[in-house]
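Residue-level structural notes
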Amino acid sequence: VAPFHAFSATIFNDICPKGREVTFFALYPLVSESRAWTGPISGIIINQTGNTNEGFAFSLGLTGVGYARICFVDVRKGKEQCERYILDDPTLVREKK
């Protein structure tokens, strides 16, 4: 789980609009901790089936789904969208050159 969390945080940092890091990273824990419901569901599966492997299969399946979704993230497109967001955001204070 830790490598996936670190990898997703790195991708999130790469596509986060510069100047809005605080806003986006304030939302990140809400999304990243949304997996807290998987433990109780695994426990219910184990209790219902009496088989620890069934709970593990559920967790492994969710990990596979998460991995597949991360593979489809287009970082280049995300960076381009962030560039446009930064240019179009009238509330963002820009550094003067």
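Looking at the state of the cysteines
- Scanning all chains against the criterion turns up 0 disulfides.
- Between cysteine 16, a free cysteine, and cysteine 82, which holds the nearest cysteine sulfur, the sulfur-to-sulfur gap is 6.6 Å.

Brief notes about the pattern of salt bridges
- All told, the structure shown has 1 salt bridge when counted by the stated rule.
- Here arginine 20 ties to aspartate 89 by a salt bridge, and the two come within 2.7 Å at their closest N and O atoms. Pair noted here: arginine 20 is in the loop between helix 1 (2-15) and helix 2 (21-32) and aspartate 89 is in the segment after helix 5 (75-88), with a separation of 69 residues, a long-range link. Across the pair, exposure class does not vary: arginine 20 and aspartate 89 are buried alike.

Description of helix 4 (residues 52-71)
- Between the first and last C-alpha of helix 4 there are 29 Å, a value that for 20 residues agrees with the 28 Å anticipated at 1.5 Å per step.
- Where helix 4 begins, one side-chain oxygen reaches toward the backbone nitrogen of asparagine 53, 2.9 Å away; that side chain belongs to asparagine 51.

Concerning the packing of helix 1 against helix 5
- With their axes 8 Å apart at the nearest point, helix 1 and helix 5 run at an angle of 40° to one another. With respect to their mutual orientation, helix 1 and helix 5 come out oblique. Within the contact between the two elements, helix 1 uses Ile11, Asp14 and Ile15 and helix 5 uses Val75, Gly78, Lys79 and Cys82.
- Considered class by class, the residues forming the contact of helix 1 with helix 5 number 4 nonpolar, 1 polar and 2 charged.

Side note on the environment of proline 17
- Residue position: proline 17 is located in the loop between helix 1 and helix 2.
- C-alpha of proline 17 to C-alpha of glutamate 80: the two residues are 63 residues apart in sequence and 9.8 Å apart in space.
- Discounting residues that sit within four places of it in the chain, proline 17 has contacts with Phe24, Cys82, Tyr85 and Ile86.

Describing the packing of aromatic side chains
- With the rule as written, the count across this model stands at 3 aromatic pairs.
- Seen from their ring centres, tryptophan 37 and phenylalanine 58 are 6.4 Å apart, and the 65° between their planes marks the pair as edge-to-face. Of the two residues, tryptophan 37 sits in the loop between helix 2 and helix 3 (38-49) while phenylalanine 58 sits in helix 4, which places them 21 residues apart along the sequence.
- The partly exposed category is assigned to phenylalanine 58, whose relative accessible area is 21%.

Comments concerning the packing of helix 1 against helix 4
- It is the contact of helix 1 with helix 4, at a shortest axis distance of 12 Å, that shows an interaxial angle of 25°. Taken together, the axis directions place helix 1 and helix 4 in an arrangement best described as roughly parallel. With respect to the hand of their crossing, helix 1 and helix 4 are arranged in left-handed fashion. Packed against helix 1, whose contacting residues are Phe4, Phe7, Ser8 and Ile11, the element helix 4 presents Thr63, Tyr67 and Ile70 at the interface.
- Class assignment of the residues belonging to the contact of helix 1 with helix 4 gives a composition of 5 nonpolar, 2 polar and no charged.

Reading the values: the criteria
Residues numbered from 1 in each chain as written. Predicted model: local features only at pLDDT ≥ 70, side-chain atom pairs only at ≥ 80, totals over all residues. Heavy atoms only, no water. Disulfide = S-S within 2.5 Å. Salt bridge = Lys/Arg side-chain N within 4 Å of Asp/Glu carboxyl O. Helix = DSSP H or I, 4+ residues; strand = E, 2+ residues; numbered from the N terminus. Buried < 20%, exposed > 50% of the residue type's maximum accessible area, 1.4 Å probe, protein only. Expected span 1.5 Å × (residues − 1). Polar contact = N/O pair within 3.5 Å; in protein donor to acceptor, adjacent residues only side chain to side chain. Axes fitted to C-alpha atoms, helices over the stretch in contact; angles between N-to-C directions. Parallel < 35°, antiparallel > 145°, perpendicular 65-115°, else oblique. Contact = heavy atoms within 4.5 Å. Nonpolar A, V, L, I, M, F, W, Y, C, P; charged D, E, K, R; others polar. Phe/Tyr/Trp six-rings, centres within 6.5 Å; stacked < 30°, edge-to-face > 60°. Left-handed = near helix turned anticlockwise from the far one by under 90°.

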